[in-house]
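Structural description and commentary
Listed here are the chains, written in short residue letters.
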Amino acid sequence: MLFLVIGLVVFICLRYRAKGDKSEGDQQTGNNLLEGLMIGIPAILLGWFFIKSVGTARAITPGSDPARKPDIVITGHQWWWEVEYPGSGAITANEVHLPVGIPILMEMRSGDVIHDWWVPELGNKTDLVPGNKNYLSVDIDKPGDYYGSCSEFCGAQHAWMRIHVVAESPGDFAAWLSANGKPALPPADSLSKEGAALFQIHTCANCHRIGGTAAIAGAGPDLTHVGSRRTILTGILPMNEAGLASWISHPQQIKPGARMPDFIFSKDSIAAIAHYLAQLK
């Protein structure tokens, strides 16, 4: 269409140019057929594009029952994703587990600024706006790992607000959900007991929740089963004692602007806390 219009413009300019002739040329009036075509064809094209656009929008954003409660509630924070599974007691962060072959309704919220959830293989973008709730329906047909990111600039660490969706069979998902809905495992050895005590007496418990313990805050990611995740910080560091220790030691060097401040802990204290958190599976 673009090249057709360009071609016609060039043709008319060359065919009907008249050098030095300042007259208006022959005027054509009363051609109702030509006027009808000039108005009718663009109107038909606009109507066709409108119908196709509405159909496409409905296909990628299917309607849902207004009375249906969401299966998952996702809240965007600077700069991580909080993931809650209502009715199960499971709350996780950044790593989103979903069943294959089952339509899922996700409620999208923001805890601070505007974020945008986008996993290209799983559907269209969805804005997370403070004070509002948006909804996204997904029906994954193939198990695997799907990756995305926040698509609305939301601050210094916007580029590291990654999304990791783990799509698994309904049986595997049910097992994961059951395990993550349980309270945290108690410390298994003397070093993890020391780490648990340090976690509670220092400011860690003021921001994080660990189910089954006195730590019930929600300012930071839920750590009840943090040891079962593959990575931390939306993929920046691996989930192991070394990665946890590195984050606890220098959070503002690893993710500048994050709300976790630099703490002055001894190496032994950091090792004990990291050992404790790594066992929370």
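Residues numbered from 1 in each chain as written. Predicted model: local features only at pLDDT ≥ 70, side-chain atom pairs only at ≥ 80, totals over all residues. Heavy atoms only, no water.

1. Overview of the overall build of the chain
The criterion, for reference: For the purposes of this entry, the term helix denotes a DSSP run of H or I that reaches at least four residues, the term strand denotes a run of E that reaches at least two, and both are numbered from the N terminus. Our radius of gyration looks at C-alpha atoms and nothing else; its globule reference is 2.2 Å times the residue count to the power 0.38. Partly exposed describes any residue whose relative accessible area lies between the buried limit of under 20% and the exposed limit of over 50%, with all areas from a 1.4 Å probe on protein chains only and scaled to the type maximum. Should any heavy atoms of two residues lie within 4.5 Å, those residues are considered in contact. Calculation of accessible area relied on Shrake-Rupley with a 1.4 Å probe; when residues are assessed, cover is drawn exclusively from the protein chains displayed. Note on charges: Lys and Arg go in the positive column, Asp and Glu in the negative column, and His and the chain ends are not counted at all. Working definition for charges: the position is that of NZ of Lys, CZ of Arg, CG of Asp or CD of Glu.
A count of helices and strands for the chain gives eight helices and 12 strands. Computed over the C-alpha atoms, the radius of gyration of the chain is 28 Å, more than 25% above the 19 Å expected from 2.2 N^0.38 for a compact globule of 281 residues. Over its C-alpha atoms, taken along the principal directions, the chain stretches across nearly 100 × 45 × 30 Å. Counting every position in the chain, which comprises 281 residues, the buried fraction comes to 38%. Taking the intrachain contacts of the chain between residues at least 6 apart in sequence as the baseline, contacts between residues at least 24 apart amount to 60%. Accessible surface for the chain amounts to roughly 16,500 Å². Of this, 61% is attributable to carbon and sulfur atoms. Side-chain charges of the chain comprise 22 positive and 26 negative groups, with the mean position of each set lying 3 Å from the other.

2. A closer look at the sheet that holds strand S2 (residues 80-85)
The following threshold applies: At least two DSSP bridges between two strands are required for those strands to pair. To get an axis, fit a line to the C-alpha atoms, keeping to the stretch in contact for a helix; angles then go from 0 to 180 degrees between the N-to-C directions.
Across the sheet, five strands lie side by side as S3-S2-S1-S5-S8; this open sheet has mixed pairing. In this open sheet, the two strands that pair with only one neighbour each are strand S3 (90-93) and strand S8 (134-138). On average, each strand axis in the sheet is tilted by 25° relative to the strand beside it, whichever way the strands run. Pairing of strand S1 (residues 72-77) with S2 involves five bridges; the strand directions are antiparallel.

3. What to know about the nonpolar core
The condition is simple: We call a set of buried residues a nonpolar core when its members are Ala, Val, Leu, Ile, Met, Phe, Trp, Tyr or Cys and they connect through side-chain atoms within 4.5 Å of each other.
Membership of the largest hydrophobic core comes to 30 residues, with the highest contact counts inside it found for Tyr 85, Leu 98, Met 106, Trp 117 and Val 165. Val 226, Ile 232, Leu 233 and Ala 258 belong to the second-largest nonpolar core, a separate cluster that totals 29 residues.

4. Let's talk about helix H3 (residues 170-180)
Our working definition: Taking the helix axis as origin, the arc is that swept by the directions to the C-beta atoms.
Three or more residues of H3 are buried, namely Phe 173, Trp 176, Leu 177 and Asn 180. All buried residues of H3 lie within an arc of 100° about the axis, which places them on one face of the element. Residues of H3 that are buried make contact with S2, S3, strand S4 (95-99) and strand S10 (162-168).

5. Section: the environment of Lys 133
As for its placement among the helices and strands, Lys 133 is situated in the loop between strand S7 (126-128) and S8. Separated by 60 residues in the primary sequence, Lys 133 and Val 73 have C-alpha atoms spaced 9.8 Å apart. Apart from residues lying up to four places away in sequence, Lys 133 is in contact with Glu 107, Met 108 and Arg 109.

6. Focus: the packing of helix H6 (residues 241-249) against helix H8 (residues 267-278)
Two quantities define a packed helix pair, namely the angle between the helix axes and the distance between the axes. Here is the rule we go by: Any angle between 65 and 115 degrees counts as roughly perpendicular, while under 35 counts as roughly parallel, over 145 as roughly antiparallel, and the rest as oblique. Handedness of each helix crossing follows the sense of rotation of the near helix against the far helix: counterclockwise by less than a right angle gives left-handed, clockwise gives right-handed.
Between H6 and H8, whose axes approach to 8 Å, the crossing angle comes to 130°. Comparing the axis directions of H6 and H8 gives the class oblique. Relative to H8, H6 is oriented so that their crossing is right-handed. Where H6 approaches H8, its residues Glu 241, Leu 244, Ala 245, Ile 248 and Ser 249 are matched on the opposing element by Ile 270, Ile 273, Ala 274, His 275, Leu 277 and Ala 278.

7. Let's talk about the environment of Leu 45
Turning to its location among the elements, Leu 45 is positioned in helix H2 (residues 32-60). Its relative accessible area of 31% is what places Leu 45 among the partly exposed residues. When the C-alpha positions of Leu 45 and Ser 151 are compared, they lie 32 Å apart, and in sequence the two are 106 residues distant.

8. A word on unusual backbone geometry
Cis geometry is found at the peptide bond from Gln 78 to Trp 79, where omega equals 0°. Relative to the helices and strands, Trp 79 resides in the loop between S1 and S2.

9. Here's the deal with the packing of helix H4 (residues 190-201) against H8
Threshold: Polar here means any residue other than Ala, Val, Leu, Ile, Met, Phe, Trp, Tyr, Cys and Pro, which are nonpolar, and Asp, Glu, Lys and Arg, which are charged; Gly is therefore polar.
Running from amino to carboxyl end, H4 crosses H8 at an angle of 100°, the nearest separation of the two axes being 7 Å. On the basis of their axis angle, the class for H4 and H8 is roughly perpendicular. Where H4 abuts H8, its residues Leu 191, Ser 192, Glu 194, Gly 195, Ala 196, Leu 198 and Phe 199 lie against Ser 269, Ala 272, Ile 273, His 275, Tyr 276 and Leu 277. In terms of residue class, the contact of H4 with H8 is made up of eight nonpolar, four polar and one charged.

Treat this as a map of the structure, not an account of what it does.
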